[in-house]
Amino acid sequence: MKKESIMGSVELQKVAEKMNLKNLTPQIGLLGKEVNVPDINRPALQLTGFFEHFESDRVQVVGYVEYTYLQKLSDDRKEEVYQSLLSYPVPCIIFCRDLMPDQRFLEIAVEKDVPIFLTDKTTSSFMAEIIRWLNVELAPCISIHGVLVDVYGVGVLIMGESGIGKSEAALELIKRGHRLVTDDVVEIRKVSDDTLVGTAPDITRHFIELRGIGIVDVKTLFGVQSVKETQTIDLVITLEDWNKDKQYDRLGLEEEYTEFLGNRVVCHSIPIRPGRNLAIIVESASVNHRQKQMGYNAAQELYRRVQESLTRKEEKKKDE
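Residues numbered from 1 in each chain as written. Predicted model: local features only at pLDDT ≥ 70, side-chain atom pairs only at ≥ 80, totals over all residues. Heavy atoms only, no water.

A few points about the overall build of the protein chain
Of the regular secondary structure elements, the protein chain holds nine helices and 20 strands. The globule rule puts the C-alpha radius of gyration for 320 residues at 20 Å, and the 27 Å found for the protein chain is more than 25% above it. Taken along the three principal axes of its C-alpha coordinates, the protein chain extends 100 × 60 × 30 Å. Here the protein chain holds 320 residues, and 43% of them are scored as buried. Contacts in the protein chain between residues far apart in sequence, at least 24 positions, make up 69% of those at least 6 positions apart. Total accessible area computed for the protein chain in this model is approximately 18,300 Å², and 48% of it derives from carbon and sulfur atoms. Between the centroid of the 41 positive side chains of the protein chain and the centroid of its 50 negative side chains there is a distance of 6 Å. (Helix = DSSP H or I, 4+ residues; strand = E, 2+ residues; numbered from the N terminus. Rg over C-alpha atoms; globule rule 2.2 N^0.38 Å. Buried < 20%, exposed > 50% of the residue type's maximum accessible area, 1.4 Å probe, protein only. Contact = heavy atoms within 4.5 Å. Areas by Shrake-Rupley, 256 points an atom, 1.4 Å probe, with all protein chains shown as cover. Lys, Arg positive; Asp, Glu negative; His and termini not counted. Charge placed at Lys NZ, Arg CZ, Asp CG, Glu CD.)

Examining the nonpolar core
By size, the foremost hydrophobic cluster in this structure holds 28 residues, and its most contacted members are Val149, Val156, Ile158, Ile237 and Leu239. Residue assignment for this core shows that the elements contributing at least two residues are β10 (147–151), β11 (154–160), α6 (166–175), β15 (207–210), β18 (235–241), β20 (263–272) and α8 (278–293). The leading source of residues in this core is α6, at five residues. Filtering out sequence-adjacent residues up to four positions away, valine 149 remains in contact with Val154, Gly155, Val156, Ile158, Ala170, Leu173, Arg179, Leu180 and Val181. Core analysis: the next-biggest nonpolar cluster, separate from the first, contains 23 residues, Phe51, Leu73, Leu85 and Ile108 among them. (Core = buried A, V, L, I, M, F, W, Y, C linked by side-chain atoms within 4.5 Å.)

A few points about the sheet that holds β18
Across the sheet, six strands lie side by side as β12-β10-β11-β18-β20-β19; this open sheet has mixed pairing. At either end of the open sheet lies a strand with only one pairing partner, and these are β12 (179–182) and β19 (256–260). Along the sheet, successive strands turn relative to each other by an average axial angle of 35 degrees, direction set aside. Direction of pairing for β11 relative to β18: parallel, over a ladder of five bridges. Within β18, the position partnered with methionine 159 by the bridge is threonine 238. Here α6 sits on the sheet and contacts β10, β11, β12 and β18; the angle it forms with β10, its principal contact strand, is near 25 degrees. (Pairing = 2+ DSSP bridges. Axes fitted to C-alpha atoms, helices over the stretch in contact; angles between N-to-C directions.)

Just distances and angles here, no functional claims.
Structural data, given as structure tokens:
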């Protein structure tokens, strides 16, 4: 089951807490205020009066250059710039390097209901940090049924019908030293055109459901080293009942893919029958995937050896 959602929003209060921002306008209530765009804007041209193409829906960041420019303006010009800038419905304005805005700026901000924050971080490092965090928080997200585990650093998403053994395979992997990200429900976020990140819903984080036993708290039973908060999704393994009439891939010369939010991920279909050790199969698939990423493909190597052997036999026949 897959449920898709559009790009969401993040509460401004959460942004302030995560970025450790000091609120310079506590009179303005943050309840209900949200950030909807992961991009950031530095209002440089806007301070000169040029507001065409102004991205007012972005968080505004004031650095040393903008601050110094404002300090050199006359009081009348400052008033004009402040009124113009703060008349737009920006989510908030953040001053970096502990550069304190003047009192008149704060007064107008309160009148216009624009929250003002302060951080001691440098402008470049702060912008890089908040953009990275907002890209994850505001990324398009879907929820799917499956199990996500970190196996040798490879994010493996195990999918299949209910009761086929996904959670049991994950538990065996945990006992073998790997880490659980989430069981039953996986929230997948598209943080870039190449990267998908999986997380657990807050309610089910660190829990596994085992039929016949019930709910198991992995973090409590196996320790903090057995769980992980987030993980990129590098490989998908789909478990399915063994079908003797179906032809399964036995070489792996060509990769199969599945798609989430427009991003393709390598996918393997694993047939299930009594006696197959799923944990070892998942481990082997993970290591094999890493080998391929590093430039070595066992199937292609076997194919090369077979071709060389056939070539030698043909040449031997010609010589005879």
